[in-house]
Amino acid sequence: MAGDGGAYRLRCSLLGHEQDVRGITQGFFPEGGFVSVSRDRTARLWTPDGLNRGFTEMHCMRGHSNFVSCVCIIPPSDLYPRGLIATGGNDHNICIFTVDNTAPLYVLKGHKNTVCSLSSGKFGTLLSGSWDTTAKVWLNDRCMMTLQGHTAAVWAVKILPEHGLMLTGSADKTIKLWKAGRCERTFTGHEDCVRGLAILSEMEFLSCSNDASVRRWRISGECLHVYYGHTNYIYSVSAFPHCNDFVTTGEDRSLRIWKQGECTQTIRLPAQSVWCCCVLDNDDIVVGASDGIIRVFTKSLERTASAEEIQAFENELSQASIDPKTGDLGDINADDLPGKEHLKDPGKLCTILLSYTEKFLHSEELSLQLPHLFLFLFIQEYDYVFTIDVNESGPSYKLPYNISDDPWLTAYNFLQKNDLNPMFLDQVAKFIIDNTKGQAPLNTNTEFSDPFTGAGRYVPGSSSLSDTAPAADPFTGAGRYVPGSASNVVTPVGGHDPYTGMGAYQSAKAENIYFPKKDAVTFDQANPTQILGKLKELNSNAAEEQKLTEDDLIILEKLLSATCNTSAEMPTAQQIQTLWKAINWPEDIVFPALDILRLSVRHPIVNENFCGEEAHMEFIHLLLKFLNPQGKPANQLLALRALCNCFVSQAGQKLLMEQRDEIMTQAIEVKSGNNKNVHIALATLTLNYAVCLHKVNNIEGKAQCLSVISTVMEVVKDLEAVFRLLVALGTLISDDKNAVQLAKSLGVDSQIKKYVSVSEPAKVKECCRFVLNLL
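For clarity, every value in this text was computed on a predicted model and none was experimentally measured.

> Summarise the overall build of the chain; cite the residues concerned and give the values.
Looking only at helices and strands, the chain has 18 helices and 30 strands in total. For the chain, with 775 residues in total, the buried portion stands at 52%.

Written out as structure tokens, the structure is:
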């Protein structure tokens, strides 16, 4: 903490607000100034006066129709070099002001109750919290996404400086960490409403609560320390710059200064509720209270108030009425406390464990002994456990590795987990490769008997580039049916394509041939004979009421011929009706019918029938049913591929864009599986949405797609899926500054940097570089 080391004393008292001062924040302009908001429905901009002791009211801004509850500053930009002022109120609105105008530049509407907290981030992003239990992310004048998960009012919000992370604190007693619109972690420990948050660093933050405590956390989840000192609700916490010291205010009429983990000074104020505080760049502290007065405290002798002003403040403090029942004791009734005669009574020693750090150990590290604590160990087998020394004087780190893992991804996760510099990525990955002697993953491709055909088990979405001939199918005489398997019976028009896997992909050296992608990517490869063979096999074992007749099977065969361009006939209403019957089969046997749907929906007539106005919602809900995370991967895969193929016609595009939110919300749930073909299909669906969104000005849609990309990018390992996500990302942000800013704010650039070092396939590295150039 900067300063002369002395105690804080009054600098000035500022009159102007007519009711409680509920929020205060330091401003970018004028230098040394700040902004306050009040229940009097105003926001006021204060600038230091020429005497260097007090402040002058520069503007009184009005725009809310009810109490103003919170305020923050949106950093300067090219368009607004002095920054913007954002205020939230009980009218459910957020008003955005310039520093030189008393009327709002624009108003953000969307919350359904009081907006009680605001925080700004990089690239113009704004995070708001509300009594409606949600937080919202805004970019300029648009809501990008809504964060849902709390069960009570969101009293506090903060955007962390890096990684696209956001924090929300709630009256449900929890704090949540969000990334790309999804809750990554929930912090529990407070015993009452969480009222304030303050950022200490990229990795640590503070929270304060109605339970009269302040907690210090790591974003990884550990509570590092609990601070006690206040005797009632703590409403606000603010950190000093460049250190871990902080200040707090609360319902016990006090401002408290905390240094090196201890409360080093308590300043009483002549107001019951000290609602808010902020620390200025010069370490002066500004507080707002229920008496409508703003007070500034300083350690600087040059800025300390005159003796007369300090005496007036002390007189005011001595005359302030205090509830004789509670005083400054919070909920404790003074009449219930024992008298001094009880001081001689025998007492008992109480030990309070304020905080502890949990550590999960590998089996070779079981040397830690904690008396009176239960230690749960999660032991996992690895092919290798390496010891990594970062420097001679620093600690050693354990790096577990299985030969089935990706060495680059393992190295990246190791560096992230231990907060090590990403510059070591190449070195650590090479170390893994060298010390595993290039061992390949063990062959785990064990075949099981197919209960329907007696052949090898059904392998959903096997690689379309496999050179291995499928096992003989006893019913069809051909290779067994594998949804999505390679076949040249039906070939897409257009020759070699990096998305379909047809032929060897030849990358360009410098020209960006990847994005923006103009047309939807579809899944076209199939062997109709195998599909129909599998359909007949499963039909013979189906329940009588679900069986297709011989005529039905012939009708579906004709439909498949018509939609795969092997027949000059057009699909008929009878054929489409029969297909609808087939895709409503039980989940255990429906996959061949879904594969016929996947191929048929590319035809304009079938596309219009399923995606047109009459039956479109029933069609979408049927496909979404198969995207259950606990469902069969084969059904997930083919439902996703069918959705991707819907984009080929206008009716399908219109329907999928109208239902984008529901479809993407459900589709992202299948990311948790480990089927690479499902991941590729999910990435392709996201890419097709990006293609459509690139053509329209729909920043909310782009925000959802960016969120999906960021979320899925963290779990996929297959480089083809990664490539398609990179193309989707590049397509979304091409020619759109707002989308670029939003992608940066979500930390997408830091997520994809690791793929610059991928050697094969070259398209991943090249596409990644083109995307990073835009970011």
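Anyway, onward from the coordinates.
> A description of the packing of helix H9 (residues 616–625) against helix H10 (residues 633–646) should follow, citing residues and the corresponding values.
Where H9 meets H10, the closest approach of the two axes is 9 Å, and the angle between their N-to-C directions is 145 degrees. Read as a crossing pair, H9 and H10 show a hand that is left-handed. Counted together, Phe 619, Ile 620 and Leu 623 of H9 and Ala 639, Ala 642, Leu 643 and Cys 646 of H10 form the full contact between these two elements. Residues belonging to the contact of H9 with H10 are distributed by class as follows: seven nonpolar, no polar and no charged.

> So what's going on with the sheet that holds strand S6 (residues 68–74)? Which residues, and what values?
Across the sheet, which stays open at both edges, the four strands sit in the order S6-S7-S8-S9 with antiparallel pairing between neighbours. The sheet is open, and its two borders are formed by S6 and strand S9 (106–108), each paired with just one other strand. With strand direction ignored, the average angle separating the axes of adjacent strands in the sheet is 25 degrees.

> So what's going on with the nonpolar core? Residues and values would help.
The biggest cluster of nonpolar side chains holds 117 residues, and the ones touching the most others in it are Leu 685 and Ile 752. Broken down by element, this core gets its largest block of residues, 12 residues, from helix H13 (residues 676–694). When sequence neighbours within four positions are dropped, the list of residues in contact with Leu 685 reads Leu 640, Leu 643, Cys 644, Phe 647, Ile 663, Met 664 and Ala 667. Within the second largest apolar cluster, 18 residues are counted, among which are Leu 10, Leu 255, Ile 310 and Phe 313.

> How would you sum up the sheet that holds strand S23 (residues 246–250)? Please name residues and give values.
Taken together, the four strands give an open sheet; going across it, the order is S22-S23-S24-S25, and neighbouring strands pair in antiparallel fashion. Because the sheet does not close on itself, it has two edges, and the strands there are strand S22 (234–239) and strand S25 (262–268). For this sheet, the mean angle separating the axes of adjacent strands, direction not counted, is 20 degrees. Inspection of the sheet shows strand S24 (residues 254–259) paired to S25 by six bridges, in the antiparallel sense. Looking at the pairing, Arg 256 lines up with Thr 266 of S25.

> How would you explain helix H11 (residues 650–658) if you had to name every residue and give the values?
Every buried residue of H11 is listed here: Ala 651, Gly 652, Leu 655 and Leu 656. With its buried residues spanning 120 degrees around the axis, H11 presents them on a single face. On the buried face of H11, the contacting elements are helix H8 (604–611), H9, H10, helix H12 (660–667) and H13.

> Describe the pattern of salt bridges, with residues and values.
Going through the model one piece at a time under the given rule, you end up with 23 salt bridges. Here Glu 57 ties to Arg 44 by a salt bridge, and the two come within 2.9 Å at their closest N and O atoms. With a gap of 13 residues between them, Glu 57 in strand S5 (residues 55–62) and Arg 44 in strand S4 (residues 42–48) connect regions that are remote in the sequence. Put simply, Asp 588 and Lys 632 hold a salt bridge, and the shortest N to O gap is 3.9 Å. Taken together, the residues Asp 588 in the loop between helix H6 (573–582) and helix H7 (591–600) and Lys 632 in the loop between H9 and H10 connect sequence positions 44 residues apart. We classify Lys 632 as partly exposed; its relative accessible area is 38%. What emerges from the salt-bridge pattern is a single network uniting Arg 11, Asp 284 and Arg 303.

> Explain the environment of Cys 768 residue by residue, including any values.
Within the fold, Cys 768 resides in helix H18 (residues 762–774). Sequence separation between Cys 768 and Ser 757 is 11 residues, and the spatial gap between their C-alpha atoms is 9.5 Å. Not counting chain neighbours up to four residues away, the residues in contact with Cys 768 comprise Leu 726, Ile 752, Tyr 755 and Val 756.

> I'd like to hear about the environment of Gln 659, residue by residue, with values.
One can find Gln 659 in the loop between H11 and H12. Here the alpha-carbon distance between Gln 659 and Met 617, two residues 42 residues apart in the chain, equals 8.9 Å. Filtering out sequence-adjacent residues up to four positions away, Gln 659 remains in contact with Met 617 and Tyr 689.

> Describe the pairing of strand S15 (residues 165–170), and please don't skip the residues or the numbers.
In terms of burial, S15 is a largely internal element, six of the six residues being buried. Across the two faces of S15 the burial is the same, with Leu 165, Leu 167 and Gly 169 and Met 166, Thr 168 and Ser 170 all buried. Note: strand S14 (residues 154–159) against S15, five bridges, orientation antiparallel. Looking at the pairing, Ile 159 lines up with Met 166 of S15.

> Before we move on, could you go through the side chain of Asn 688 and cite the residues and values that matter?
In this structure, Asn 688 sits in helix H13. For Asn 688, the contacting residues outside a window of four places in its chain are Ala 520, Val 521, Cys 644 and Phe 647.

> So what about the side chain of Thr 125? Which residues, and what values?
Looking at the secondary structure, you find Thr 125 in strand S11 (residues 125–130). Assessed through its relative accessible area of 1%, Thr 125 is described here as buried. Leaving out residues up to four positions away in the same chain, Thr 125 has contacts with Ser 119, Ser 120, Trp 138, Leu 139, Ile 159 and Ser 745.

> Tell me what's going on with the packing of aromatic side chains, and back it up with residues and numbers.
Any two aromatic rings considered together are summarised by their centre-to-centre distance and by the angle between their planes. Considering all chains together, one arrives at 19 aromatic pairs under this definition. An angle of 35 degrees between the planes, with centres 6.0 Å apart, marks the rings of Trp 580 and Phe 610 as tilted. Taken as a pair, Trp 580 in helix H6 and Phe 610 in helix H8 lie far apart in primary sequence, 30 residues in all. You can call Phe 610 buried: its relative accessible area is 3%. The structure contains a cluster of three or more aromatic residues connected by ring pairs, namely Phe 34, Trp 46 and Phe 55. Just above the ring of Trp 275 sits the side chain of Arg 22; from NZ or CZ to the centre is 3.8 Å.

> Kindly report on unusual backbone geometry, identifying the contributing residues and their values.
Cis geometry marks the peptide bond from Phe 29 to Pro 30; its omega dihedral reads -5 degrees. Secondary-structure assignment places Pro 30 in the loop between strand S2 (21–26) and strand S3 (34–38). Of note, the amide linkage connecting Phe 515 to Pro 516 takes the cis form, showing an omega dihedral of 0 degrees. With respect to the helices and strands, the residue Pro 516 is situated in the loop between helix H3 (425–435) and helix H4 (528–540). In this model, Ala 212 sits at a positive phi of 70 degrees, which is unusual for a non-glycine residue. Along the chain, Ala 212 falls in the loop between strand S19 (204–209) and strand S20 (213–218). The backbone of Asp 735 shows a phi angle near 60 degrees, a positive value even though the residue is not glycine. Here Asp 735 shows up in the loop between helix H15 (719–733) and helix H16 (737–745).

What counts and what doesn't
- Residues numbered from 1 in each chain as written.
- Predicted model: local features only at pLDDT ≥ 70, side-chain atom pairs only at ≥ 80, totals over all residues.
- Heavy atoms only, no water.
- Helix = DSSP H or I, 4+ residues; strand = E, 2+ residues; numbered from the N terminus.
- Buried < 20%, exposed > 50% of the residue type's maximum accessible area, 1.4 Å probe, protein only.
- Axes fitted to C-alpha atoms, helices over the stretch in contact; angles between N-to-C directions.
- Left-handed = near helix turned anticlockwise from the far one by under 90°.
- Contact = heavy atoms within 4.5 Å.
- Nonpolar A, V, L, I, M, F, W, Y, C, P; charged D, E, K, R; others polar.
- Pairing = 2+ DSSP bridges.
- Core = buried A, V, L, I, M, F, W, Y, C linked by side-chain atoms within 4.5 Å.
- Arc of directions from axis to C-beta.
- Salt bridge = Lys/Arg side-chain N within 4 Å of Asp/Glu carboxyl O.
- Phe/Tyr/Trp six-rings, centres within 6.5 Å; stacked < 30°, edge-to-face > 60°.
- Lys NZ or Arg CZ within 6 Å of the ring centre and 35° of its normal.

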